[in-house]
Amino acid sequence: MSSSNVTNLTTLTNIIRPEIASLSAYHVPDSAGFVKLDAMENPFVLPSELQQDLAHHLAQVAMNRYPVPSYTNLKNIIAEKLGVPAGHEIIVGNGSDELIAMISVACAKPGAKVLAPVPGFVMYAMSAKFAGLEFVGVPLNADFTLNKSAMLAAITEHQPVITYLAYPNNPTGTLYDADDMVEILHAVGNTGVVVVDEAYQPFAQTSFMSRLAEFDNLVVMRTVSKLGLAGIRLGYMAGNNALMNEFEKVRPPYNINVLTQAAAEFVLQRVEVLDAQAAALRAQRSQLAAALSAMSGVQVFPSAANFLLIRVANAEQVFVKLLNHKILVKNVGKMHTLLENCLRITVSTQEENDLFLAAFAASMSSK
């Protein structure tokens, strides 16, 4: 190693927090030329007439001006079209990732801990580390259901300031028992906040949003990404107004750009188009699950999201063979021991699902 490299490493060691230096950056694989079934995106585009109307609408946006920082109109449309109960404050973020970061920063008291079932969304743990919080993961049951007794014991032991419950969960697709979640909300009580992450709510069709008034420590977080607007990066959360006011203090100014704001306001006024797409994907989910379940050697786990988690022998080999067929899925086998030999497949159009099934069958038969 050259002396300059040694100097650079020494400089980094002096500057970068060790818990950050030990992490790897969030990796997104190159998907050019692939049937992309690894990121839970809605495969449908907007109808052509709506695209043209949106283009005309965006052309009128004053990109030389900062956004109106309150985002009042956008919040009103979110409340009206996406079911946030009246009287509850809404905070918007650059995707739900930024909302998670806001919560972490606001709650990062010395010695505070973050709790979540694992395997789960990786940004819960990463954001906790970024903010200097300790992350405590509680393993799910072998069937990916919530281990309620372990969660309650961990809450008693660690007194987490933040508890995440993804509803449904990523990467498993599991919809946790609502009564179990209520017990967790009561167990956390006034010592912490419970964030119910409903990123996949359009496909689960159940929600804690209508129950915000029941729990002062409940925050419901969502994104429009899975609904069909992943490219504009917009998340939102609602909860107890006093709590939302505190989280608002750490929201970066002008964090939602004017094009995202304008696009969201325009499309959400026509949310029935996206709702119809979600309904089509729910139907495709059932068909894809049935087709995979009929194959020998494939275990399909129940999913309330827009993806399926499956287990096969030699999943790594199957994953590579799918790549050779230009099909990109998510190999989650190394994320957690419970996910050994598991692949996650985004539910797509009939055409792309058929392409996947043909490639998958060929990959399984040639193991």
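What comes next is a walk through the structure.

Quick notes on the rules
- Residues numbered from 1 in each chain as written.
- Predicted model: local features only at pLDDT ≥ 70, side-chain atom pairs only at ≥ 80, totals over all residues.
- Heavy atoms only, no water.
- Buried < 20%, exposed > 50% of the residue type's maximum accessible area, 1.4 Å probe, protein only.
- Helix = DSSP H or I, 4+ residues; strand = E, 2+ residues; numbered from the N terminus.
- Contact = heavy atoms within 4.5 Å.
- Polar contact = N/O pair within 3.5 Å; in protein donor to acceptor, adjacent residues only side chain to side chain.
- Axes fitted to C-alpha atoms, helices over the stretch in contact; angles between N-to-C directions.
- Parallel < 35°, antiparallel > 145°, perpendicular 65-115°, else oblique.
- Left-handed = near helix turned anticlockwise from the far one by under 90°.
- Nonpolar A, V, L, I, M, F, W, Y, C, P; charged D, E, K, R; others polar.
- Pairing = 2+ DSSP bridges.
- Arc of directions from axis to C-beta.
- Phe/Tyr/Trp six-rings, centres within 6.5 Å; stacked < 30°, edge-to-face > 60°.
- Lys NZ or Arg CZ within 6 Å of the ring centre and 35° of its normal.

For helix α8 (residues 178–188), the complete set of buried residues consists of D180, M181, V182, I184, L185 and V188. At its buried positions, α8 is contacted by α7 (148–158), β5 (162–166), β6 (193–197) and β7 (218–223). Where α8 begins, the capping side chain belongs to D177, and its oxygen is found 3.0 Å from the backbone nitrogen of D179. One or two positions beyond α8, positive phi appears at G189, with a value near 55 degrees.

To characterise two packed helices, one gives the angle between the axes of the helices and the distance between these axes. Close contact between helix α13 (residues 271–293) and helix α15 (residues 350–365) brings their axes to 11 Å; oriented N to C, the two are set at 15 degrees. In terms of orientation, α13 lies roughly parallel with respect to α15. Crossing hand, α13 versus α15: right-handed. Contacts between α13 and α15 involve Q284, Q287, L288, A291 and L292 on the former and, on the latter, Q350, N353, F356, L357 and F360. Classifying every residue of the contact of α13 with α15 gives six nonpolar, four polar and no charged.

A few words on the pairing of strand β10 (residues 307–311). A large share of β10 lies buried, amounting to four of its five residues. Two elements, strand β9 (residues 299–300) and β10, share two bridges in a ladder whose sense is antiparallel. By the bridge assignment for β10, V300 is matched with I310. Here five bridges tie β10 to strand β13 (residues 342–346), and the two strands are oriented antiparallel to one another. If you follow I310 over to β13, its bridge partner there is L343.

Turning to its location among the elements, H158 is positioned in helix α7. Accessibility expressed as a relative area gives 17% for H158, which makes it buried. Each C-alpha atom, one on H158 and one on N314, is 37 Å from the other, the two residues being 156 residues apart in sequence. Those residues in contact with H158 that sit more than four places away from it in its chain are K113 and V136. There is a polar contact of 2.9 Å between the side chain of H158 and the side chain of K113.

Positionally, S104 belongs in helix α5 (residues 95–106). In terms of polar contacts, S104 uses its side chain to reach the side chain of S127, at 2.9 Å. Once you skip the residues sitting within four places of it in the chain, S104 turns out to touch S127, A128, A131, L133, I162 and Y164.

Attention shifts here to unusual backbone geometry. Here the residue pair V118 and P119 is connected by a cis peptide bond, since its omega of 5 degrees sits within 30 degrees of zero. A cis geometry characterises the amide bond from N170 onward to P171, with omega recorded as 20 degrees. Here P171 shows up in the loop between β5 and α8. Even without being glycine, Y71 reaches a positive phi, approximately 55 degrees. If you trace the backbone, Y71 turns up in the loop between α3 (48–59) and α4 (72–82). Look at Y71 and you get buried, because its relative accessible area is 0%. Of note, the phi angle at Q205 is positive, near 60 degrees, even though the residue is not glycine. Looking at where Q205 falls in the secondary structure, it is placed in the loop between α9 (201–204) and β7. For Q205, a relative accessible area of 56% puts it in the exposed group.

Turning to α7, its buried residues number three or more, namely M151, A154, I155 and H158. Here the buried residues of α7 occupy an arc of 105 degrees about the axis, which is enough to place them on one side. Set apart from the buried face of α7 by more than 90 degrees, the exposed residues are S149, T156 and E157. The secondary structure elements touched by the buried residues of α7 are β3 (113–118), β4 (134–139), β5 and α8.

This next bit is on the sheet that holds β5. Taken together, seven strands build an open sheet; the order of strands is β2-β8-β7-β6-β5-β3-β4 and the sheet is mixed. Of all strands in the sheet, those bounded by a partner on one side alone are β2 (89–93) and β4. The average angle at which neighbouring strand axes cross in this sheet is 25 degrees, direction not considered. Across two bridges, the pairing between β3 and β5 is parallel.

What follows is about the sheet that holds β9. Taken in spatial order, the four strands of this open sheet run β9-β10-β13-β12, and their pairing is antiparallel. Whereas interior strands pair on both sides, the edge strands pair on one side only; in this sheet they are β9 and β12 (330–331). Against the sheet, helix α14 (residues 315–324) makes contact with β12 and β13, and its axis sits at roughly 35 degrees relative to β13, the strand it touches most.

Summed over all chains, the structure comprises seven aromatic pairs. With 5.5 Å between their ring centres and 90 degrees between their planes, F121 and Y124 make a pair best called edge-to-face. By the ring-pair criterion, three or more aromatic residues cluster together here, those being F121, Y124 and Y164. Between the NZ or CZ atom of R270 and the centre of the ring of F266, over which it lies, the distance is 3.8 Å.

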